[in-house]
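Residues per chain, in single letters:
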Amino acid sequence: MIAPDIAPVELKVFLNHIYELKKGVRQMVLYTTNRKYEEFAVERLKSQRIKFVIQPIDGERINLFFGKPECIEAIRMMVTRPLNLLTPEEDFILGAMLGYDICAQCKRYCTRKLRKSGKCAS
């Protein structure tokens with residue numbers, strides 16, 4: 001059920017994320033999209049029995065977290081404010097949960113931690 005104003009190509013990444021989740025390639029996904037796709041995305045996730053959390057970004061965009069129930073439950077507890085306001089530790093955990101490169105996450109954590117403390121990274 002794709003609404004007439006939604007071109008399938010615009011949702012190709014979203015549908016690929018669902019495919020990867022179902023195949024076990026990913027445990028959790030963060031998909032940022034325009035609000036006009038929210039109804040389609042939610043209906044698709046519900047029909048696939050995939051747990052999800054929606055985090056509004058602004059009047060036009062949302063963050064849509066979806067994946068394994070235990071991951072989404074952790075997201076409900078941890079992501080209670082905009083992502084740019086997460087602590088360095090929360091940001092690190094989120095990146096690890098999303099399967100981002102762990103060394104890149106370590107570097108990002110150290111940079112954010114130093115910035116927060118007012119020290120410069122060397």
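So, here's what we can say about the structure. Residue numbers here run from 1 along each chain, matching the order of that chain's written sequence. Only residues with pLDDT of at least 70 get local features here, since the model is predicted, and only at 80 or more are side-chain atom pairs given and counted; chain-wide, interface and lining totals rely on the full set of residues. The side-chain values count all of the structure's non-hydrogen atoms but skip hydrogen atoms and water molecules.

Turning our eyes to something else, we now look at the packing of helix α4 (residues 88-97) against helix α5 (residues 102-117). Here the axes come from fitting lines to C-alpha atoms, over the contacting stretch only for helices, and the angles between their N-to-C directions go from 0 to 180 degrees. Under the DSSP-based scheme used, a helix requires at least four consecutive residues in state H or I and a strand at least two consecutive residues in state E, with every element numbered from the N terminus. Between α4 and α5, the shortest axis-to-axis distance is 9 Å and the interhelical angle comes to 165°. With respect to α5, the axis of α4 lies roughly antiparallel. When the axes of α4 and α5 are compared, the crossing they make is right-handed. Two secondary-structure elements touch here, α4 through Pro88, Glu89, Asp91, Phe92, Gly95 and Ala96 and α5 through Ile102, Gln105, Cys106, Arg108, Tyr109, Arg112, Lys113 and Lys116. If an angle is under 35 degrees, it is roughly parallel; if it is over 145, roughly antiparallel; if it lies from 65 to 115, roughly perpendicular; otherwise it is oblique. For any pair of crossing helices, the crossing counts as left-handed if the nearer helix is rotated counterclockwise from the farther one by less than a right angle, and right-handed if it is rotated clockwise. Residues are treated as being in contact if the distance between any of their heavy atoms lies within 4.5 Å.

Let us now look at the pattern of salt bridges. In the sections that follow, a salt bridge refers to a side-chain nitrogen of Lys or Arg positioned within 4 Å of a carboxyl oxygen of Asp or Glu. With the rule as written, the count across this model stands at eight salt bridges. We note a salt bridge from Glu38 to Arg35, for which the minimum N-O separation is 3.7 Å. As a salt-bridge pair, Arg81 and Glu90 come within 2.3 Å of each other at their nearest N and O atoms. Burial classification: accessible surface area is computed with a 1.4 Å probe over protein chains only, and a residue below 20% of its type maximum counts as buried, one above 50% as exposed, and the rest as partly exposed. Arg81 sits in the partly exposed class, given a relative accessible area of 26%. Shared partners join several salt bridges into a network, and the residues in it are Asp91, Arg108 and Arg112.

The strand order β1-β3-β2 describes an open sheet built from three strands, whose pairing is antiparallel. Taken across any chain shown, the strands that pair with only one partner, and hence form the sheet edges, are β1 (28-34) and β2 (51-56). For this sheet, the mean angle separating the axes of adjacent strands, direction not counted, is 20°. Set on the sheet, helix α1 (residues 12-23) makes contact with β1 and β3 (61-67); between it and β3 the angle comes to about 15°. Here, strands pair whenever DSSP counts at least two bridges between them.

Residues belong to one nonpolar core when they are buried, are Ala, Val, Leu, Ile, Met, Phe, Trp, Tyr or Cys, and are joined through side-chain atoms within 4.5 Å. Phe14, Leu45, Leu64 and Phe66 are the most contacted members of the largest nonpolar core, which has 15 residues in total. Mapped onto this core, the elements with two or more residues apiece are α1, β1, α2 (38-47) and β3. Examining the composition of this core, we find that four residues originate from one element, α2, more than from any other. Excluding anything up to four places from it in sequence, Leu64 contacts Phe14, Val29, Leu30, Tyr31, Ala41, Leu45, Phe52, Val53 and Ile54. Ranked by size, the runner-up nonpolar core spans 11 residues in total, among them Val53, Ile75, Leu94 and Leu98.

Any functional reading would require information that these geometric values do not contain.
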